[in-house]
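# A look at the structure
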Amino acid sequence: MNNNNIRVRARNQGVCLWQIASKLNMRDSNFSRMLRTELPNEQKENIFKIINEIVKERDLNTTES
């Protein structure tokens, strides 16, 4: 499966693909379609950063309660 490392990292961090798509300002269907072909490393690194941002935001929101 293409971009399996993105899918696995998102799943392990509890991040949904639609959340990543939202940060990229695209529809989740378009993001899923984009993942069908292997992405360049630069683009993958950007997505990994977005996953980390989502996790940090989620952790901040849960600790403030």
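Our subject in this report is the structure included herewith. The numbers attached to residues start from 1 for each chain and follow its sequence in the written order. Reporting of local features is limited, given that this is a predicted model, to residues whose pLDDT is at least 70; pairs of side-chain atoms are given and counted only at 80 or more, and all residues count toward the totals for whole chains, interfaces and linings. Excluding hydrogens and water, the side-chain values take into account all heavy atoms of the structure.

### Side note on unusual backbone geometry
The backbone of Asn3 shows a phi angle near 55°, a positive value even though the residue is not glycine. Counting from the N terminus, the helices are DSSP H or I runs at least four residues long and the strands are E runs at least two residues long. Positionally, Asn3 belongs in the segment before helix H1 (4-13). Remark: exposure states derive from per-residue accessible area (1.4 Å probe, protein chains only) relative to the maximum for the residue type, with buried under 20%, exposed over 50%, and partly exposed in between. Relative accessible area serves as the criterion here: at 0%, Asn3 is assigned to the buried category. The phi dihedral of Asn25 falls on the positive side, at around 60°, and the residue is not glycine.

### Regarding the nonpolar core
Residues enter a nonpolar core if they are buried and are Ala, Val, Leu, Ile, Met, Phe, Trp, Tyr or Cys, with the set joined through side-chain atoms within 4.5 Å. In terms of nonpolar packing, the biggest core is built from 15 residues, with Ile6, Val15, Ile20, Phe31, Leu39, Ile47 and Ile51 touching the most fellow members. Listed by contribution, the elements that provide at least two residues to this core are H1, helix H2 (17-23), helix H3 (28-34) and helix H4 (41-64). For this core, the leading source of residues is H4, giving six residues.

### Re the packing of aromatic side chains
Within 6.5 Å between ring centres, the rings of Phe, Tyr and Trp (the latter by its six-membered ring) count as paired, and their orientation is classed by plane angle as stacked under 30 degrees, edge-to-face over 60, tilted in between. Enumeration over the complete set of coordinates arrives at zero aromatic pairs. Think of it as a cone above the ring: NZ of Lys or CZ of Arg counts as a charge over the ring if it is within 6 Å of the ring centre and within 35 degrees of the ring normal. Lying over the aromatic face of Phe48, Arg9 brings its terminal NZ or CZ to 3.9 Å of the ring centre.

### Points about the environment of Ser29
Within the secondary structure, Ser29 sits in helix H3. Here the alpha-carbon distance between Ser29 and Leu17, two residues 12 residues apart in the chain, equals 9.4 Å.

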